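# Analysis of the macromolecular model
What follows is the residue order along each chain.
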Amino acid sequence: METKYENEAKVFKAFCDPNRLMILEKLQSGEKCACKLLEELEIVQSTLSHHMKILCEAGFVNVRREGKWMHYSINQQGFETAKKLIAEYEMNQ
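Below, the structure is looked at part by part. Note that the coordinates shown come from a computational prediction; the quantities given were computed from them, not determined experimentally. (Residues numbered from 1 in each chain as written. Predicted model: local features only at pLDDT ≥ 70, side-chain atom pairs only at ≥ 80, totals over all residues. Heavy atoms only, no water.)

Take the packing of helix α2 (residues 18-27) against helix α4 (residues 45-57) next. Taken N-terminus to C-terminus, the directions of α2 and α4 make an angle of 75°; their axes are 10 Å apart at the nearest point. Classified by the interaxial angle, the pair formed by α2 and α4 is roughly perpendicular. Residues Asn19, Arg20, Ile23, Leu24 and Leu27 of α2 touch α4, and the partners they reach there are Leu48, His50, His51, Met52, Ile54 and Leu55. When the residues that make up the contact of α2 with α4 are grouped by side-chain class, the tally is 7 nonpolar, 3 polar and 1 charged. (Axes fitted to C-alpha atoms, helices over the stretch in contact; angles between N-to-C directions. Helix = DSSP H or I, 4+ residues; strand = E, 2+ residues; numbered from the N terminus. Parallel < 35°, antiparallel > 145°, perpendicular 65-115°, else oblique. Contact = heavy atoms within 4.5 Å. Nonpolar A, V, L, I, M, F, W, Y, C, P; charged D, E, K, R; others polar.)

Written as C-alpha cells, this is what we have:
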C-alpha cells in the first residue's frame, strides 16, 4: 500500500521531465492520439509510453483505447488536486 507521501511524490515527479511538460502542453489543445504525439515530439513509442504512464498515474492525463491506438487528454481534476497539494505545503509554513 502506498503512503500519502508516495502518492504526493508522483504528482511532483510528473512535472520533472521536459518531455512530460511538452506532452502536457500539446494536450492543452485537446485529445491527441499517441501516433500524433510521437510525430510531434519525435520520440519513440517506448519513451512515450513511459512518460504517459507517469502522467496517467499522477492523475494529469486520461487515456482511452480506440483500436490499436491510445488517445490522451488532460484530466483537469488532476491539476486541481496538484494545486491543493501545493497549497497545503504553503499553508504549513
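That covers the picture; the talk isn't over yet.
On to the packing of aromatic side chains. Here the structure, examined in full by the defined rule, presents 3 aromatic pairs. With centroids separated by 4.7 Å and ring planes inclined at 50°, the aromatic side chains of Phe60 and Phe79 adopt a geometry described as tilted. Residue Phe60 is found in the loop between α4 and β2 (61-66), and its partner Phe79 is found in helix α5 (residues 76-91); the two are separated by 19 residues along the sequence. The exposure class assigned to Phe60 is buried, which follows from its relative accessible area of 0%. These aromatic residues form a ring-pair network of at least three members: Phe15, Phe60 and Phe79. (Phe/Tyr/Trp six-rings, centres within 6.5 Å; stacked < 30°, edge-to-face > 60°. Buried < 20%, exposed > 50% of the residue type's maximum accessible area, 1.4 Å probe, protein only.)

With that settled, the discussion passes to the pattern of salt bridges. Under the counting rule described, the total for this entry stands at 6 salt bridges. One network of salt bridges, in which partners are shared, links Glu31, Arg64 and Glu66. (Salt bridge = Lys/Arg side-chain N within 4 Å of Asp/Glu carboxyl O.)

Time to look at the pairing of strand β3 (residues 69-74). Taken together, the 2 bridges between strand β1 (residues 32-33) and β3 define a ladder with antiparallel strand orientation. Counterpart to Lys32 in the pairing with β3 is Tyr72. Sheet analysis places β2 next to β3, joined by 6 bridges and oriented antiparallel. Across the sheet, Val63 pairs through a bridge with Tyr72, a residue of β3. (Pairing = 2+ DSSP bridges.)

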